[in-house]
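# Observations on chain architecture
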Amino acid sequence: MKILVIIPAYNEEACIASTVNKLKKDAPECDYIVINDCSTDNTAAVLEKEGFNYIHLKSNLGIGGAVSTGYKYALYNDYDIAVQLDGDGQHDSAYLASVVKPIVDGEASIVIGSRFIKCEGFLSSAFRRAGITILNGWIRLFSGAKVTDCTSGYRAVSREYIRAYAKEYPIDYPEPEAIVLAKLNGATIKEVPVVMKERQTGKSSIRPIHSLYYMFKVMLSIFLCRLTHKKQRG
Amino acid sequence: MVLFTSIPSLLRRLMVIFNIQSMMNGVFALCIFFMVILLMSLTSICSKQSDKLRTLTQENAILEKRIRDIEDKLEK
């Protein structure tokens, strides 16, 4: 099976090299593509110097736009499975095999690496965990998807959902809405335990002061997504 | 606005329907209503253009990657 690891990166000059090198060591059979989201630091120079496989976006599209580019690349190059892996070093590529396994075995079409199954490693702040719990409930209410870590960007999707996400992928804070979109399209979603690290360098795109606004915006997006997409049954 | 200026009785009838006492208030309310419609229309246009721009940026970047790969192959 052809597997592509999508690594969105924005201003990750300090850790992108170590992230990609670790991935190459942990999963040599997987291809990868780094999506440089118009970084203003030396991320582009690092990618060129190290000879990594990359795409440069000429304008900043945000995490959703960058990941969507990765899915389009996966579709055009006929990959069977696409895995999202953050370029900031939070996601450990050692868990890649366990994230991909349910799709390879045909047990699921989307697999999410959840921090909250074993509750080990970096679990984010209490405030953010509370927000994630609320969003998990909201997602379950509007799509029926039972997840414990809806904001986890460490996820794998099968060929069918590479096609779906290449066509339509949420742009603002996409992770929770992407779950809803997939579930409404009949996806089988499974979670596997992963351990995440604290971000090594750089800054999160979600700042504390924007957390409440993010919550409200995501909840509204999910509600509108449910209204505008017909749920596939069976 | 041209229509209401040329046929004032039309505006008067509209004010009666909405039970607006003062013609001036009615005119301002109509202006605000039309501005809201215009804003919504412009928002919709902006949103569609943003989508198109995103798609163009993505496709351009993927094409650039393809060209780079082909150039690398040719060099080898």
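Before any of the text, the structure's been laid out above.
Residues numbered from 1 in each chain as written. Chains lettered and ligands numbered in written order. Predicted model: local features only at pLDDT ≥ 70, side-chain atom pairs only at ≥ 80, totals over all residues. Heavy atoms only, no water.

## Section: the overall build of chain A
We count it as follows: Here a strand is any run of E in DSSP of at least two residues, a helix any run of H or I of at least four, and the numbering for each starts at the N terminus. For the radius of gyration, the atom set is restricted to C-alpha positions; the globular benchmark scales as 2.2 Å times the number of residues to the power 0.38. Burial classes follow relative accessibility: with a 1.4 Å probe on protein chains only, a residue under 20% of its type's maximum area counts as buried, one over 50% as exposed, and anything between as partly exposed. Contacts are assigned to residue pairs with any non-hydrogen atoms lying within 4.5 Å of each other. In this tally, Asp and Glu contribute negative charge and Lys and Arg positive charge; neither His nor the terminal groups of the chain are included. Lysine's charge is taken at NZ, arginine's at CZ, aspartate's at CG and glutamate's at CD.
Along the backbone of chain A there are 8 helices and 7 strands. The globule rule puts the C-alpha radius of gyration for 234 residues at 17 Å, and the 16 Å found for chain A is close to it. Principal-axis analysis of the C-alpha atoms gives chain A an extent of 45 × 40 × 35 Å. Scored against the burial criterion, the 234 residues of chain A give a buried share of 53%. Excluding contacts between residues fewer than 6 apart, the proportion of contacts in chain A whose partners are at least 24 apart in sequence is 77%. Of note, chain A has its 29 positive side-chain charges centred 6 Å away from the centre of its 25 negative side-chain charges.

## A word on the packing of helix 7 (residues 174–184) of chain A against helix 8 (residues 211–228) of chain A
Residues and elements named next belong to chain A. Here is the rule we go by: Between the N-to-C directions of two axes lies an angle of 0 to 180 degrees, each axis being a line fitted to C-alpha atoms and, for a helix, fitted only over the stretch in contact. Under this scheme an angle from 65 to 115 degrees is roughly perpendicular, one under 35 degrees roughly parallel, and one over 145 degrees roughly antiparallel; angles in between are oblique. Definitions for this section: a left-handed crossing has its near helix turned counterclockwise from the far helix by less than a right angle. A right-handed crossing has that turn clockwise.
Running from N to C, helix 7 and helix 8 cross one another at 15 degrees; their axes reach a closest spacing of 9 Å. As the angle between them shows, helix 7 and helix 8 are arranged roughly parallel. Viewed along their axes, helix 7 and helix 8 form a crossing whose handedness is right-handed. Contact residues: Pro 176, Glu 177, Val 180, Leu 181 and Leu 184 in helix 7; Tyr 214, Val 218, Ser 221, Ile 222, Cys 225 and Arg 226 in helix 8.

## Overview of the interface of chain B and chain A
A common measure of how large an interface is: the accessible area buried when the components associate. Going by this rule: By definition, the buried area sums, over both parts, the 1.4 Å-probe accessible area that each loses when the two are put together. Salt bridge, as applied in this entry: a Lys or Arg side-chain nitrogen positioned within 4 Å of an Asp or Glu carboxyl oxygen. Think of a polar contact as two N or O atoms within 3.5 Å of one another; within protein, one of them needs to be a possible hydrogen donor and the other a possible acceptor, and neighboring residues in sequence only count if both atoms come from side chains. Under the convention adopted here, Pro, Cys and the residues Ala, Val, Leu, Ile, Met, Phe, Trp and Tyr are nonpolar, Asp, Glu, Lys and Arg are charged, and Gly plus all remaining residues are polar.
Taken residue by residue, the interface counts 11 residues in chain B and 16 residues in chain A. Contact with chain A buries area across many residues of chain B, yet B:Gln58, B:Ile62 and B:Lys65 alone supply 40% of it, more than any other trio. Counting across the interface, chain B meets chain A through 1 salt bridge. Of the charged contacts in the structure, one is a salt bridge between A:Lys58 and B:Glu64, with a shortest N-O distance of 3.2 Å. Inspection of the region where chain B meets chain A yields 8 residue pairs in polar contact (both at pLDDT 80 or more). Along the lines of polarity and charge, the residues of the side of chain B that touches chain A split into 2 nonpolar, 4 polar and 5 charged.

## As for helix 5 (residues 126–143) of chain A
In an α-helix there are 3.6 residues to a turn, and that puts residues three or four apart on one side. Residue and element names in this part refer to chain A. As a reminder, the rule being used: What a helix should span is 1.5 Å times the count of its residues minus one. Arc definition: directions from the helix axis to the C-beta atoms.
For helix 5, spanning 18 residues, the distance from its first C-alpha to its last is 25 Å, which sits close to the expected 26 Å at 1.5 Å a residue. Among the residues of helix 5, Gly 131, Ile 132, Leu 135, Asn 136, Ile 139, Phe 142 and Ser 143 are the ones counted as buried. When helix 5 is viewed along its axis, its buried side chains cluster within an angular range of 145 degrees and face the same direction. Of the residues in helix 5, the exposed ones pointing more than 90 degrees away from the buried face are Ala 126, Phe 127, Thr 133 and Leu 141. Of the residues flanking the end of helix 5, it is Gly 144, one or two places downstream, whose phi is positive at about 85 degrees.

## Some thoughts on the pairing of strand 4 (residues 81–84) of chain A
Residues and elements named next belong to chain A. Cut-off, in case you're wondering: Paired strands are those between which DSSP finds at least two bridges.
The two faces of strand 4 match: Ile 81 and Val 83 on one face and Ala 82 and Gln 84 on the other face are all buried. By the bridge criterion, 4 bridges tie strand 1 (residues 3–9) to strand 4 in an arrangement that is parallel. Each residue of the ladder has a partner; that of Ile 3, found in strand 4, is Ile 81. Of the strand pairs in this sheet, strand 4 and strand 6 (residues 155–158) are connected by 4 bridges, and their pairing is antiparallel. Residue Ile 81 lies in a different strand from strand 6, and its bridge partner there is Ser 158.

## Here's the deal with helix 2 (residues 43–50) of chain A
All names here are of chain A. Thr 43, Val 46 and Leu 47 are the residues of helix 2 that are buried. The buried residues of helix 2 occupy an angular sector of 100 degrees when the element is viewed end-on, so they sit on one face. A positive backbone phi angle near 70 degrees is found at Gly 51, which sits one or two residues after helix 2.

## Quick look at the nonpolar core
Soluble, globular proteins show a tendency: their nonpolar side chains are buried together. All names here are of chain A. For clarity, the cut-off: Residue types Ala, Val, Leu, Ile, Met, Phe, Trp, Tyr and Cys, when buried and joined through side-chain atoms within 4.5 Å, form a set referred to as a nonpolar core.
Counting residues in hydrophobic clusters, the biggest one holds 47 residues, and the most contacted among them are Tyr 71, Ile 110, Val 157, Tyr 165, Ile 179 and Ile 189. If we ignore the near neighbours within four places in the chain, the residues touching Ile 179 are Ile 112, Ile 139, Ala 145, Val 147, Cys 150, Arg 155, Tyr 165 and Ile 189. Grouped together as the second largest cluster of nonpolar side chains are 30 residues, Ala 9, Tyr 32, Val 46 and Ala 156 included.

## Thoughts on the pattern of salt bridges
What the rule picks out here adds up to 11 salt bridges over all chains. Linking A:Lys190 and A:Glu107 is a salt bridge whose minimum nitrogen-to-oxygen distance equals 2.9 Å. Taken together, the residues A:Lys190 in strand 7 (residues 189–193) and A:Glu107 in the loop between helix 4 (96–104) and strand 5 (110–114) connect sequence positions 83 residues apart. For the salt bridge of B:Asp51 with B:Arg54, the shortest nitrogen-to-oxygen distance reads 2.7 Å. In this pair, B:Asp51 and B:Arg54 are both assigned in helix 3 (residues 23–75), 3 residues apart and thus about one turn of the helix distant. Residue B:Arg54 is classed as buried on the basis of its relative accessible area, which comes to 16%. Three or more residues are tied together by salt bridges with common partners; here these are A:Lys22, A:Asp26 and A:Asp92.

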